[in-house]
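# Notes for the structure review
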Amino acid sequence: MLSTFLATIMMSSHPVQDAPVRIETKSFEYVTSPTTGAASWTNRQTGAQIKLGGQPEVELEIGETPDVTTKVKLLPAESPRIDPSDKSAEIHLTSADGSLHVRVILSADPNWPAVLHKRVVVTNVGTSPKRILNVVLGRFPVGSAKAEGGERGFPLYLDDQFFVGLAHPAGYAHVEHKEVVLLQYPGTRVAPGKTFQSMEAVYGVAKRQGAKQLFIDYLRSRMARVVYHHDHAYAVLEAFGGQPDGEFKRNFSVGVSAAYLLKHLGDVAESKRENHVQFDFYGLEFWHDRAGDLKTFNRENFPNGFGEVRDRIFELDMKPALWIDSGRLPDWTIDQNPAVKGCFTV
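Below is a short write-up of the structure. (Residues numbered from 1 in each chain as written. Predicted model: local features only at pLDDT ≥ 70, side-chain atom pairs only at ≥ 80, totals over all residues. Heavy atoms only, no water.)

So, on to the nonpolar core. The biggest cluster of nonpolar side chains holds 53 residues, and the ones touching the most others in it are Tyr30, Trp41 and Tyr203. Sorting elements by how many residues they give to this core places strand E10 (residues 100–108) first, with 5 residues. Beyond its immediate chain neighbours, meaning those up to four positions away, tyrosine 203 contacts Tyr30, Trp41, Ala114, Val115, Leu116, Lys118, Leu137, Gly138, Phe140, Phe163, Val164 and Leu182. (Core = buried A, V, L, I, M, F, W, Y, C linked by side-chain atoms within 4.5 Å. Buried < 20%, exposed > 50% of the residue type's maximum accessible area, 1.4 Å probe, protein only. Helix = DSSP H or I, 4+ residues; strand = E, 2+ residues; numbered from the N terminus. Contact = heavy atoms within 4.5 Å.)

Next comes the structure, spelled out in structure tokens:
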């Protein structure tokens, strides 16, 4: 009741202006509103425009389980904050019961004038936890545009002169009932006073038949491997696979030991001297304590820790690489740990 009362007072004392929010660059114009929703997205390079249908910038569903969800009614909380010099804007919303405050942050990319970013920050200002199950970060009609690509982790292209997607491999960009939908499934519980930050939605415009290439170029510009000059092939030596056939293939808990690795590294040193073979990384598999937490080495196989093995790897101009399973094989990882019982993937 208190949160509802405060929200009502806030909205009544700060009436929301119904002026449109415009984010403009030389390449695009994006028009939206906290009261009437997203209006249009114009590609200034081609003159093409997508009507966004007046849909809200964000939709939230909360609930404890996916089969029992409640769509949150979001209302304008205050007039938008617009910074034309920075080509950005913030739209502030509140849930009808006043328990959630939502910020929608729209900004043009300072280095890529064809790209618009959208992020959503949800703050629980109520007195009880809220589990956010579904977040829609964009919804608009496909119209007559030809849609290509999309689904989880990939952008959706429209007439190959627009692209839209979520900057996360688990984010969805797809067509649903003739609408483009950007969808995230966080399933996260937000305690009172805490915040939730959504995935980043990215909107891009290009010349005709240029959206796919623009997306690739833009993606490369923010990939860590490119930014840190790691975008080249690496030679990785897997130590586990170098063991002779034996018990380890029937019982993965045996794993690798410090004694074996030091012997194997001796062979690597000999090969380097005689054949001038150089590896970048030295991969270790089954190094961990299966009853542990994936942070410590198996003490039985590494009684003195990892230091001696690590130093030998560095002496040979390699870097250690630690392997863990992500292939739904719990008996290869830490299945003996009761904390992860029932998990498919560690």
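There's plenty left to go through after this.
Taking 1.5 Å as the rise per residue, helix H4 (residues 258–275) with 18 residues should run 26 Å; its terminal C-alpha atoms sit 25 Å apart, in good agreement. Within H4, the full set of buried residues consists of Ala258, Tyr260, Leu261, His264, Leu265, Val268 and Ala269. Turning to H4, the residues buried within the fold contact strand E22 (236–238), strand E23 (281–284) and helix H5 (307–315). Count one or two residues on from H4 and you reach histidine 276, which has phi positive near 60 degrees. (Expected span 1.5 Å × (residues − 1).)

So, about unusual backbone geometry. For residues that are not glycine, phi is negative in most cases, and the peptide bond is trans in most cases. With a phi close to 75 degrees, glutamate 151 is a non-glycine residue in the positive phi region. Structurally, glutamate 151 can be placed in strand E14 (residues 151–152). According to the relative accessible area criterion, glutamate 151 is partly exposed, its value standing at 42%. Here the phi dihedral of histidine 177 falls at roughly 55 degrees; this positive angle occurs in a residue that is not glycine. Within the element layout of this structure, histidine 177 appears in the loop between strand E17 (172–176) and strand E18 (179–184). Given a relative accessible area of 73%, histidine 177 falls into the exposed group.

A word on the sheet that holds strand E24 (residues 319–322). Spatially, the 3 strands line up as an open sheet ordered E22-E23-E24, and their pairing is parallel. The sheet terminates laterally at E22 and E24, the two strands that pair on one side only. Direction aside, the axes of adjacent strands within the sheet are offset by 30 degrees on average. The pairing of E22 with E23 spans 3 bridges and is parallel. When the bridges of E23 are listed, valine 236 appears paired with phenylalanine 281. Sheet strands touched by H4: E22 and E23. Its angle to E23, the strand with the most contacts, is close to 150 degrees. Contacting E23 and E24, H5 crosses the sheet at an angle of about 125 degrees to E24. (Pairing = 2+ DSSP bridges. Axes fitted to C-alpha atoms, helices over the stretch in contact; angles between N-to-C directions.)

Here we take up the pattern of salt bridges. Applying the stated rule across the entire model yields 19 salt bridges. With a shortest N-O distance of 2.6 Å, glutamate 24 and arginine 44 are connected by a salt bridge. One end of the pair, glutamate 24, is in strand E1 (residues 21–24); the other, arginine 44, is in the loop between strand E3 (40–43) and strand E4 (49–51), and 20 residues separate them in sequence. Judged by its relative accessible area of 41%, arginine 44 falls in the partly exposed class. Its salt-bridge partner being arginine 81, residue glutamate 78 comes within 2.9 Å of it at the nearest N-O pair. On the basis of relative accessibility, which here comes to 46%, the residue arginine 81 falls in the partly exposed class. Among the charged side chains, a salt-bridge network with shared partners connects Arg22, Glu24, Glu29 and Arg44. (Salt bridge = Lys/Arg side-chain N within 4 Å of Asp/Glu carboxyl O.)

In this section: the environment of threonine 296. On the secondary structure map, threonine 296 appears in the loop between E23 and H5. Among the residues examined, threonine 296 registers a relative accessible area of 39% and is labelled partly exposed. Once the C-alpha coordinates of threonine 296 and phenylalanine 306 are considered, the two residues, 10 residues apart in sequence, prove to be 9.3 Å apart.

Tracing the backbone through its elements, the reader meets histidine 101 in strand E10. At 3.3 Å, the side chain of histidine 101 and the side chain of histidine 92 are in polar contact. Other than its neighbours up to four places away in sequence, histidine 101 contacts His92, Leu93, Val121, Val122, Thr123 and Val125. (Polar contact = N/O pair within 3.5 Å; in protein donor to acceptor, adjacent residues only side chain to side chain.)

Another point: the sheet that holds E3. Taking strand neighbours across the sheet as the criterion, the 4 strands line up as E1-E2-E3-E4 in an open arrangement whose pairing is antiparallel. Looking at which strands have only one partner, the edges of the open sheet turn out to be E1 and E4. Across this sheet, the average inter-strand angle for adjacent strands is 10 degrees, counted without regard to direction.

Summarising the sheet, strand E5 (residues 59–65) and strand E6 (residues 68–71) pair through 3 bridges and their orientation is antiparallel. Its bridge partner being in E6, glutamate 61 is matched across the sheet by lysine 71. Adjacent in sequence and paired antiparallel, E5 and E6 are bridged by 2 residues.

Quick look at the environment of valine 309 now. Relative to the helices and strands, valine 309 is located in helix H5. Given the relative accessible area of 1%, valine 309 is considered buried.

What follows deals with the pairing of E10. Burial within E10 is extensive, with 7 of its 9 residues counted as buried. Pairing geometry for strand E9 (residues 88–95) and E10, over 7 bridges, is antiparallel. By the bridge assignment for E10, glutamate 90 is matched with isoleucine 105. Bridge count for E10 against strand E11 (residues 115–124) is 9 bridges, and the pairing is antiparallel. Bridged to valine 104 within E11 is valine 120. The turn joining E10 and E11, which pair antiparallel and follow one another in sequence, is formed by 6 residues.

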